[in-house]
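# Commentary on secondary and tertiary structure
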Amino acid sequence: MPLKFSVILFAILLSSITYAQDEELLKSSTVPIQLRHKANAVVRYDNTLIEVNSYDNFLYTKKRIVTVYNEKGISDQGASVSYNDNRKVKRLEARIYDSNGKDIKKFREKDFEDVSAVGNGSLYDDDRLKYLNYTPIDYPYTIVLELELDFRSTAFIPGWRPIGDYYVSTENSEYKIINNSDTEIKIKAINLDGYAIETHNSLHYSAQNLESIKPEAFSPSFSSYAPKVRAALVDFEMEGVKGVNNNWEDFGQWMYDELLTGTGAIPIAVKEEVQVLTKEATTDVEKAKIIYNYMQDKTRYISVQVGIGGWKPMLALDVERLGYADCKGLSNYTKSLLDEVGVTSYYAVIYGGKRLTSFDNEFSAMEGNHAVLCIPNETKDIWLECTSQTNPFGFTAGFTDDRDALLITPEGGKITHTTVYNTEDNLQSTNATINITKDGSILADVSVKTHGYQYSLHEGVQNQPLREQELYFKEYWDYINNISVENIKFTNDKDAIVFTENVSVSSPSFATKSGNRLLFQPNAFNRVTYIPTRYKKRTLDFEIERGFIDEDEFSIKIDPSLNIEAVPDDVLIANQFGSYKFSIKRVSDNELRYKRTYILNKGYYPKEDYKAFRDFMAQIVRHDKSKIVLISKT
């Protein structure tokens, strides 16, 4: 048989086999039973091919087949793509099939919705998004997506996540990079052990029959244990600017030279103004605080995702002229002001968010979603959140605390850890005077003071309308029936970083009547009500990301017509997770003093300890419901 004919015949046979395999994947009945368990969607087939042609170009091709079981699984079908002038869509189409594999609908590129890829908080952005706006007739259905993109900006190489999210199973997934260029490709495989994943070589991976992961209470972030592969080019280009990325030092050097240099000029009038403002300051910290307040008073945050891939900050001159910028522009502007008064600071890229997400020390690549400023200090570095008009100077708890960030210095990039707020820093003190009447109603004056991370959870309510402030307290004490709040007053001490809430509270039915007795729960204003979920078999380790201390002291004044019949015994619990104690002392015949301290420790714990942790929390909930028995004197 002639060789040419043999090759053609083989190609036809291979095509037929692939088509037959695809036919089977279109039927929901062929999904393996174990993959349907606790799955909103099952990825039947996901093939990603990246062909690197040069340091400034690669071709990205994907074919994805997903069976969707319910409305929550629609977001996992992956039928969207972002693009811009440096990321062109060459091919985009999708087909929908019913549960029997019958073709329902075909979508070509023109049928996809085309919108700006930014939210309402952005002024403008270069990126756009094409997404499939399809409302299913019935479930399950299967979608086949075929996509091809031409990347002319190569700072970001799409990685591989064979399990895309919670409640998603994967039947087949493959990821392959073909390097046709002279540049080196860096690869890091993470969390592959324990999964049915095959490493063919450093640029080629495949996975089969990966069951869905179910989230569990207090589990670490999904990305910390789910399998993934990261990729980056050593030589890359971002919108016409070439860069080198061997390590964080030279990657940061590229950012300093190409993204920051030449962006910091400010008007002469502003230079003179900040010199006058700081002339009496005797330390760099004093100067920095004045500059930070100056910046907060005259600027506001708005997202501006343009420049080199959305990574280059606006010119400081433009920020000064317009009075607004995004995190990059505001951080760079503040740095320029500090430079003018002789205070050293460094622009820093970071992951902002409630969860503690750090840069990877071992793998340099385009990372982060936020920019801040760092002022090196002998005792402790000072970090500035420049997007907030209300943040206290140097306060970062709750958004950029306790994580690794990349400092951009003239000597290159440096990974540095941000401020850690320890357990004792995150203090909440609640004090109250509670008057209980003979009919079971209460009148109370309550004061709540918060520090550290707990400050970040409370501060901000003072900026809400009165109706929202009232709802805030009613939700905070949602276990109090028919609660009324009035005389609301807030004090925000930004120098000490202490937020104080004072409020008068009443409830006509706080105590429970039982004949001539009243049952009264003394912990009226800081009760733990949540017990973590019970699991027959815990599968994930668990983490308490931030520790804290709650200290409560309530003076309970009892109507003279009532006697104190029974008071709970003192309680003390202490273990690796923290401690809990309360006591109730008789001050007089008609006054009790309730004291409570609850400490929860930061920590990462093995799954085997979860039951003990849950038991600890359950004990706290039970003791927080402890009752005092009052009896009528008549």
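Here's a quick rundown of the structure. Keep in mind it's a predicted model, so treat the numbers as computed, not measured.

Turning to the sheet that holds strand 23 (residues 382–384), a few remarks are in order. Ordered in space as 23-22-21-24-25, the five strands form an open sheet in which the pairing is antiparallel. Of all the strands in the sheet, the pair left with one neighbour each is strand 23 and strand 25 (412–417). The average undirected angle you get between the axes of adjacent strands in this sheet is 35°. Bridge count for strand 21 (residues 346–350) against strand 24 (residues 404–409) is three bridges, and the pairing is antiparallel. The partner of Ala 348 across the bridge, within strand 24, is Leu 407.

Quick look at the sheet that holds strand 31 (residues 517–520) now. Spatial strand order, 30-31-39-34: four strands in an open sheet with antiparallel pairing. Looking at which strands have only one partner, the edges of the open sheet turn out to be strand 30 (512–514) and strand 34 (562–566). Here the average twist between neighbouring strands, direction ignored, is 30°. Here four bridges tie strand 31 to strand 39 (residues 628–632), and the two strands are oriented antiparallel to one another.

A few words on helix 3 (residues 248–260). Residues of helix 3 that are buried include every one of Trp 248, Phe 251, Gly 252, Trp 254, Met 255, Leu 259 and Leu 260, and no others. Buried residues of helix 3 fall within an arc of 155° about the axis and therefore sit on the same side. The elements touched by buried residues of helix 3 are strand 16 (235–238), strand 17 (241–244), helix 7 (327–340), strand 21, strand 24 and strand 25. Among the residues of helix 3, the N-terminal cap falls to Asn 247, whose side-chain oxygen and the backbone nitrogen of Glu 249 are separated by 3.1 Å. One or two steps after helix 3, the chain reaches Gly 262, where phi turns positive at roughly 90°.

Bringing the nonpolar core into the picture now. With 65 residues, the main nonpolar core has Ile 50, Leu 132, Ile 143, Tyr 175, Ile 177, Trp 254 and Met 255 as its most contacted residues. Residues contacting Ile 50, with those up to four places away along its chain left out, are Phe 58, Leu 59, Tyr 60, Ile 157, Pro 158, Tyr 175, Lys 176, Ile 177 and Ile 178. Tyr 421, Phe 510, Leu 518 and Ile 620 belong to the second largest nonpolar core, which has 61 residues in total.

Relative to the elements of secondary structure, Ser 336 occurs in helix 7. By relative accessible area, which is 7% here, Ser 336 ends up buried. When the C-alpha atoms of Ser 336 and Ile 266 are compared, they prove to be 7.1 Å apart, with 70 residues separating the residues in sequence. Excluding residues within four positions of it along the chain, Ser 336 makes contact with Gly 264, Ile 266 and Ala 316.

With 15 residues, helix 10 (residues 610–624) extends 21 Å between its outermost C-alpha atoms, agreeing within 8% with the 21 Å of an ideal straight helix rising 1.5 Å per residue. For helix 10, every residue scored as buried is listed here: Tyr 610, Phe 613, Arg 614, Phe 616, Met 617, Ile 620, Val 621, His 623 and Asp 624. On its buried face, helix 10 is in contact with strand 32 (542–544), strand 35 (571–575), strand 36 (578–588) and strand 37 (591–600).

So, about the pairing of strand 21. Successive residues of a regular strand alternate their side chains across the two faces of the sheet. In terms of burial, strand 21 is largely enclosed, as four of its five residues are buried. Here strand 21 runs beside strand 22 (residues 370–375); their pairing, made up of five bridges, is antiparallel. Counted as the bridge partner of Ile 350 is His 370 from strand 22.

Right, let's talk about the packing of aromatic side chains for a bit. With the rule as written, the count across this model stands at 44 aromatic pairs. Ring plane angle 75° and centroid distance 4.9 Å describe the contact between Phe 236 and Trp 254, whose orientation is recorded as edge-to-face. Taken as a pair, Phe 236 in strand 16 and Trp 254 in helix 3 lie far apart in primary sequence, 18 residues in all. The class of Phe 236 is buried, set by a relative accessible area of 2%. Judged by its relative accessible area of 5%, Trp 254 falls in the buried class. Look at Trp 248 and Phe 359: their rings are 5.4 Å apart centre to centre, the planes differ by 45°, and that puts the pair in the tilted class. One end of the pair, Trp 248, is in helix 3; the other, Phe 359, is in the loop between strand 21 and strand 22, and 111 residues separate them in sequence.

The subject of this paragraph is the packing of helix 5 (residues 284–298) against helix 7. Two elements in contact, helix 5 and helix 7, have axes separated by 10 Å at closest approach and are oriented at 140°. Compared by their axis directions, helix 5 and helix 7 come out oblique. The two elements helix 5 and helix 7 meet at a crossing, and its hand is right-handed. In this structure, helix 5 contributes Ala 288, Ile 291, Tyr 294, Met 295 and Lys 298 to the contact, and helix 7 contributes Tyr 333, Thr 334, Leu 337 and Leu 338. Here the contact of helix 5 with helix 7 is built from residues that sort into seven nonpolar, one polar and one charged.

On inspection of all chains with the given rule, the structure shows 35 salt bridges. One salt bridge in this structure joins Lys 130 and Asp 114, with 3.1 Å as the shortest N-O distance. A residue pair is termed long-range when its members are at least 10 positions apart, and Lys 130 in strand 8 (residues 128–131) and Asp 114 in strand 6 (residues 113–116) qualify at 16 residues. A salt bridge links Arg 596 to Asp 624; its shortest N-O distance comes to 2.9 Å. Of this pair, Arg 596 sits in strand 37 while Asp 624 sits in helix 10, and the two are 28 residues apart along the sequence. Look at Arg 596 and you get buried, because its relative accessible area is 2%.

About the criteria used
- Residues numbered from 1 in each chain as written.
- Predicted model: local features only at pLDDT ≥ 70, side-chain atom pairs only at ≥ 80, totals over all residues.
- Heavy atoms only, no water.
- Pairing = 2+ DSSP bridges.
- Helix = DSSP H or I, 4+ residues; strand = E, 2+ residues; numbered from the N terminus.
- Axes fitted to C-alpha atoms, helices over the stretch in contact; angles between N-to-C directions.
- Buried < 20%, exposed > 50% of the residue type's maximum accessible area, 1.4 Å probe, protein only.
- Arc of directions from axis to C-beta.
- Contact = heavy atoms within 4.5 Å.
- Polar contact = N/O pair within 3.5 Å; in protein donor to acceptor, adjacent residues only side chain to side chain.
- Core = buried A, V, L, I, M, F, W, Y, C linked by side-chain atoms within 4.5 Å.
- Expected span 1.5 Å × (residues − 1).
- Phe/Tyr/Trp six-rings, centres within 6.5 Å; stacked < 30°, edge-to-face > 60°.
- Parallel < 35°, antiparallel > 145°, perpendicular 65-115°, else oblique.
- Left-handed = near helix turned anticlockwise from the far one by under 90°.
- Nonpolar A, V, L, I, M, F, W, Y, C, P; charged D, E, K, R; others polar.
- Salt bridge = Lys/Arg side-chain N within 4 Å of Asp/Glu carboxyl O.

Nothing here speaks to function; it is geometry throughout.
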